[in-house]
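Residue-level listing of the chains:
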Amino acid sequence: MKDYVLVAESGADIPQMYVEKYNIGVVPMHVGMGDEFFDDGSILVSEVFAYYDKTGKLPTTVGSNSNDFETVFDRIHQEFPNKHILYLAYSSITTVSFQSAKIAAENRPYVTSIDTKMVSAGQAMIVIKTAEFIETHPEAEYDEVINKINELIDTCQMCFMPETLMYLKAGGRVSNPAYLGAKLLNLKPLIEMKEGKLTSTKKYRGSMMLAMKKLFAYYIEMYNLDREELTFVYSEGLSEEIRKTAERLAAEAGVKKVHWIPTGCVVSSHGGPGAFGIVGFSENNL
């Protein structure tokens, strides 16, 4: 990508192979356990879950600060002084990162900041698709690249389903009565990204396997997702049986290529173990 360098937060959960292939700048978000804070990605997700199991306390998550962005912006600019930085942000509604980046970019005219209105694998796929577009359209002007990014943002669809509500309850995102009711009735909430917000839209009753099957059938048709490729996002603890079943359902639905993206420490701190989600691009506006 001769003219651009893409940047995103670690909470985008971009697989390392794409980070290396497209030389993507990754700005750390942070996870706190007790009095200690760690850069997202510097510890294992299993350590996050172990901390909760041991203490009953949810690890705290902190967005990237302006110093984090300044460090990454300056490193990239020093290495590639003639390239423009495109920062494709973690949903601005959910974290301070976007505002921190805007502060860091005030005296850096070579930075453009765009809110993807997505988190985790949704943000990752917008970044990856942008990189692929730039790679295959080296002649594209700046406005064409920006238009492509906005098109990706407008058509990207993401949902996830936690296996347990314990982490959402511990983080204050689910009330205790709602948690107890869902546990009693064996309900799995569907959480969708809507205009940058995490919104609970449906509930499925039954096992995680049964709920995943219902979710897949609903989501791929509801949003007319492109069958060329589909991304599944998951947190540590999702069973291999569910993963294999999801791939089979995708193949039966005509999906040609499936990606799997695991959630990192920041996202896993909210969703808990065993979560499953889907990311795709609606064909309605493609």
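Thresholds applied
- Residues numbered from 1 in each chain as written.
- Predicted model: local features only at pLDDT ≥ 70, side-chain atom pairs only at ≥ 80, totals over all residues.
- Heavy atoms only, no water.
- Core = buried A, V, L, I, M, F, W, Y, C linked by side-chain atoms within 4.5 Å.
- Buried < 20%, exposed > 50% of the residue type's maximum accessible area, 1.4 Å probe, protein only.
- Helix = DSSP H or I, 4+ residues; strand = E, 2+ residues; numbered from the N terminus.
- 1 Å grid on protein atoms, 1.4 Å probe; cavity = no way out; pocket = protein on both sides within 12 Å on 5 of 7 lines; lining within 4 Å.
- Points joined across faces, edges and corners; volume = space filled by probe spheres on them.
- Nonpolar A, V, L, I, M, F, W, Y, C, P; charged D, E, K, R; others polar.
- Expected span 1.5 Å × (residues − 1).
- Contact = heavy atoms within 4.5 Å.
- Salt bridge = Lys/Arg side-chain N within 4 Å of Asp/Glu carboxyl O.
- Arc of directions from axis to C-beta.
- Pairing = 2+ DSSP bridges.

Student: Describe the nonpolar core, and please don't skip the residues or the numbers.
Tutor: If you look at the biggest cluster of nonpolar residues, it comprises 48 residues, and the most contacted ones within it are I14, L86, I126, V145 and I149. Looking at which element gives the most residues to this core, the answer is helix 5 (residues 120-136), with nine residues.

Student: Summarise empty space enclosed by the protein; cite the residues concerned and give the values.
Tutor: Evaluated as defined, the whole model comprises two cavities of 30 Å³ or more. Reported here for the second largest cavity is a volume of approximately 30 Å³. When residues of the lining of the second largest cavity are traced back to their parent elements, those giving at least two are helix 5, strand 11 (229-234) and strand 13 (276-281). Partitioning the lining of the second largest cavity into residue classes produces four nonpolar, two polar and two charged.

Student: Requested: an account of the environment of F276, with residues and values cited.
Tutor: Of note, F276 is situated in strand 13. According to the relative accessible area criterion, F276 is buried, its value standing at 0%. The spacing of F276 and C159 is 117 residues in sequence and 8.6 Å in space, taken between C-alpha atoms.

Student: Could you give an account of helix 6 (residues 142-155), naming the residues involved and the relevant values?
Tutor: Between its terminal C-alpha atoms helix 6 stretches 20 Å, which fits the 20 Å expected from 14 residues at 1.5 Å a residue. In this structure, the buried residues of helix 6 make contact with strand 1 (4-9), strand 6 (84-90), strand 7 (111-118), helix 5, strand 8 (156-161) and strand 13.

Student: Please provide a residue-by-residue account of the pattern of salt bridges, values included.
Tutor: What the rule picks out here adds up to nine salt bridges. Between K117 and E195 there is a salt bridge whose closest N-O contact spans 3.7 Å. Residue K117 is located in strand 7, and its partner E195 is located in the loop between strand 9 (187-194) and strand 10 (197-205); the two are separated by 78 residues in the primary sequence. Residue classification places E195 among the exposed residues on the basis of a relative accessible area of 63%. Measuring nitrogen to oxygen at the nearest pair gives 2.8 Å for the salt bridge that ties E221 to R227. For R227, a relative accessible area of 19% puts it in the buried group. A single network of salt bridges, built from pairs that share partners, joins K129, E132 and E229.

Student: Can you lay out helix 9 (residues 208-222) for me, pointing to particular residues and giving the numbers?
Tutor: Side chains of residues three or four places apart in an α-helix project in the same direction, reflecting 3.6 residues per turn. Along its 15 residues, helix 9 runs 20 Å from first to last C-alpha, staying within 8% of the 21 Å computed at 1.5 Å per residue. Within helix 9, the full set of buried residues consists of M208, M209, A211, M212, L215, F216, Y219 and I220. One side of helix 9 holds all its buried residues, which, seen down the axis, span an arc of 150°. N224 lies just past helix 9 and shows a positive phi near 45°.

Student: Which residues make up the pairing of strand 13, and what are the values?
Tutor: With six of six residues buried, strand 13 lies mostly within the body of the structure. Of the two faces of strand 13, the one carrying F276, I278 and G280 and the one carrying G277, V279 and F281 are both buried. Relative to strand 13, strand 8 runs antiparallel, the two being bridged by six bridges. Bridge pairing in strand 13 links M161 to F276. Across four bridges, the pairing between strand 11 and strand 13 is antiparallel.

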